[in-house]
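Spelled out, the chains give:
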Amino acid sequence: MRRSSQPVARRKEAGPTIIIAVLLLYLFLPIVATLLFSIAKDWQSSILPTSYTLSWYGHIFSDPRFLFAVLRTLLVGVLTVSLGLAVMVPVIFVLAVYFPKWEKLLQISVLLPFAFPPVVAAIGLIKLYSGGPVPLTGTIWILIAVYFILIQPFIYQSVRSSLRTIHAQDLMEAAEVLGSGKVNAFLRIILPNIWSGTLVACLLSFSMVFGEFVMGRMLVGGEFETVQQYLYNAMKVSGPSASAVVVTYFLFIFLISGIVLKLGRRKPGGYLAHPKPGGEDQ
Amino acid sequence: MARTGPIQNKIMLLVCLPLLIWIAAFELLPIAGMLVMSFQDDSGQGFSLGQYIRAFTSDIYLQAIWNSLKVALISSIVGIIIALVCGYAITRLSEGFRDRILMVSNMITNFVGVPLAFAYMIMLGNNGAFTLLFQKLGLDSLAKFDLYTENGLLMLYIYYQIPLAILLVYPIFHGIREEWKEASALLGASAWRFWRHIGIPMMLPSILGTFSILIANALGAYATAYALTGSNFNLLSIRIAALVSGDIFPNFQLGSALAVILALIMLLAMFLNEWMTRYSRRRGL
């Protein structure tokens, strides 16, 4: 390091490559170990398994309890994300284009879940919604209600930055000058142009729902077993089948991350935004 | 800004109504309810500071607060140091490789909670692959490592802090301009002196901001510790959950007081972050 007094030329250095290789090894080690565990047929006293099998995957994918847990989680995810988008996208749009002063309030609401993590937020929720006029705990409805709150940041960030890239304000003004109504312009011009950002929001929300454990545990418990609850219970009974669940979960996350990255790279459908000089960044 | 008429204004605010109701019902009311409960006595009546006094005088809750802070601090410090080294290394890589590393980090941030605890049990649990390997190699001191202790928990926390820290720290390096390095090199400074006197001080506010996010991230965590040791390890989040949904008789009032304490510590960390971000923005970073 000390000797690198040629500042501009970015030479191939060995140091950074080694550091990153060690980092990747460290990050992937638990995942590889889980993968090996899930396909090991015989792994008693050797460093690597002596024979392999896919039977644990067959086992979990023929276990109705696991399949139902996946279906339940999917159902919660689909309902939460559709509700979240239907409620939030118009609000983000209206605030961004017509009432920018009020955006700060939405930003605070979006940030609140970070200050009140699930384990804290759950207390008030249990007290309010177990019994009383609206008994929701132990049902799918409470999960949808709180996951909606938890996915707010994803939807806000993705949709807001898409609106920014397409310069939604200019587009709306142009549409109105050309005689289009506001609702019409929103549905036919804005929505088709922000779909990729919206899709990113959906996918991030899905990976959140599939990874959420605390709210599920505290608010619903065994009555509505989601994937993470299933994993927690399986972990105590059978190591190999739990590891098959973990690997499946990780493949799912891998897939979602890949799609998000692809979508993030593409430009919104055919529209070439002209960056304003000195304009909004990010 | 686009123009609107008064009636349109009303229609647009109507669009916001469902979200307002939702936020009130499932975000604000529960928080308010928790605040109220934290000032009630055990039977849920009256106004008292008793729960807070209990939280700050009983050994078990003081220890939980202390343990939570300790685990959060250590995991954040180690996490951020490793992230700084790796973040710098990432800036030295080619662009395609850089994107891929960042994608991997992003993906691994999802690997927390139950799956993470389970993976570490497979590796380092009582019959874990590495535990057995160390035994075979005769490395007894390593083989005796007990995952189900504070050190084990720290290991898990550090693991999940690192990818998040990298994602947050990496952009900070963009603030360090190549010209500064050139200028200081021309003036005869070594790379070490550049980082010691220019690089690190310039990055410090952003680093502290990231640090506070990591602290909050560790303080609020529950699933990882719970999956590893059940309710055995004495952390604030574990105590809170045990008080309201555990096997023991629930005590929402005390649980609420502990939750308010946890939330206050986290809010403090977040304000620190906000403050540091503004500070570094003013300095043009």
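What you are looking at is a predicted structure, and each value in this text was computed from that prediction instead of being measured. (Residues numbered from 1 in each chain as written. Chains lettered and ligands numbered in written order. Predicted model: local features only at pLDDT ≥ 70, side-chain atom pairs only at ≥ 80, totals over all residues. Heavy atoms only, no water.)

A.B. asks: Kindly report on the overall build of chain B, identifying the contributing residues and their values.
C.D. replies: Broken down by element type, chain B carries 13 helices and zero strands. Taken from N to C terminus, the helices and strands of chain B fall in the order α-α-α-α-α-α-α-α-α-α-α-α-α. By the compact-globule yardstick of 19 Å for 285 residues, chain B is too spread out, its C-alpha radius of gyration being 24 Å. Dimensions of chain B, computed from C-alpha atoms along their principal axes, come out at roughly 75 × 70 × 35 Å. In chain B, which comprises 285 residues, the share counted as buried stands at 52%. Contacts in chain B between residues far apart in sequence, at least 24 positions, make up 69% of those at least 6 positions apart. Across chain B, the mean location of the 18 positive side-chain charges is 10 Å away from that of the 14 negative side-chain charges. (Helix = DSSP H or I, 4+ residues; strand = E, 2+ residues; numbered from the N terminus. Rg over C-alpha atoms; globule rule 2.2 N^0.38 Å. Buried < 20%, exposed > 50% of the residue type's maximum accessible area, 1.4 Å probe, protein only. Contact = heavy atoms within 4.5 Å. Lys, Arg positive; Asp, Glu negative; His and termini not counted. Charge placed at Lys NZ, Arg CZ, Asp CG, Glu CD.)

A.B. asks: Outline helix H5 (residues 113-124) of chain B, listing residues and values.
C.D. replies: With twelve residues, H5 of chain B should cover 16 Å at 1.5 Å per step; its first-to-last C-alpha distance of 16 Å lies within 8% of that length. Burial within H5 of chain B is extensive, with twelve of its twelve residues counted as buried. Inspection of H5 of chain B places Gly 113, Val 114, Pro 115, Leu 116, Ala 117, Phe 118, Ala 119, Tyr 120, Met 121, Ile 122, Met 123 and Leu 124 of chain B among the buried residues, and these make up the whole buried set. Of the surrounding secondary structure, the elements contacted by the buried residues of H5 of chain B are helix H1 (14-39), helix H10 (227-237) and helix H11 (239-265) of chain A together with helix H6 (129-136), helix H8 (150-169) and helix H11 (223-229) of chain B. (Expected span 1.5 Å × (residues − 1).)

A.B. asks: Account for the environment of Ser 76 of chain B, with residues named and values stated.
C.D. replies: All names here are of chain B. Summarising the element assignment, Ser 76 is placed in helix H3 (residues 59-91). Counting along the chain gives 141 residues from Ser 76 to Asn 217, while the straight-line C-alpha distance between them is 9.0 Å. Contact partners of Ser 76, with chain neighbours within four places excluded, come to Gln 161, Phe 211, Leu 214 and Ile 215.

A.B. asks: Which residues make up the domain arrangement of chain B, and what values do they have?
C.D. replies: Residue and element names in this part refer to chain B. Assigned domains within chain B: domain 1 (1-38) and domain 2 (55-282). In this structure, domain 1 and domain 2 have C-alpha centres spaced 34 Å apart. Each side of the interface is counted separately: domain 1 has four residues, and domain 2 has six residues. Contact with domain 2 buries area across many residues of domain 1, yet Met 34, Met 37 and Ser 38 alone supply 92% of it, more than any other trio. At the boundary of domain 1 with domain 2, the tally comes to zero salt bridges. Here domain 1 and domain 2 share zero residue pairs in polar contact (both at pLDDT 80 or more) between them. Its residues placed into classes, the side of domain 1 that touches domain 2 shows three nonpolar, one polar and no charged. (Domains from an automatic or database assignment. Buried area = accessible area lost by both parts, 1.4 Å probe. Salt bridge = Lys/Arg side-chain N within 4 Å of Asp/Glu carboxyl O. Polar contact = N/O pair within 3.5 Å; in protein donor to acceptor, adjacent residues only side chain to side chain. Nonpolar A, V, L, I, M, F, W, Y, C, P; charged D, E, K, R; others polar.)

A.B. asks: Residues and numbers for the nonpolar core, please.
C.D. replies: Core analysis: the largest hydrophobic core is formed by 191 residues, its most contacted members being Ile 190 of chain A together with Phe 26 of chain B. Inspection of this core shows a minimum of three residues originating in each of domain 1 (1-38) and domain 2 (55-282) of chain B. (Core = buried A, V, L, I, M, F, W, Y, C linked by side-chain atoms within 4.5 Å.)

A.B. asks: Quick one: what's the story with the packing of aromatic side chains, residue by residue and with numbers?
C.D. replies: Residues and elements named next belong to chain A. One pass over the structure, following the stated rule, counts 26 aromatic pairs over all chains. Seen in terms of ring centroids, Phe 93 and Tyr 98 are 6.2 Å apart; in terms of plane orientation they differ by 85°. Their pairing is edge-to-face. Since its relative accessible area comes to 6%, Phe 93 is described here as buried. Geometrically, the ring pair formed by Phe 99 and Trp 102 is tilted, given 6.3 Å between the ring centres and 50° between the ring planes. (Phe/Tyr/Trp six-rings, centres within 6.5 Å; stacked < 30°, edge-to-face > 60°.)

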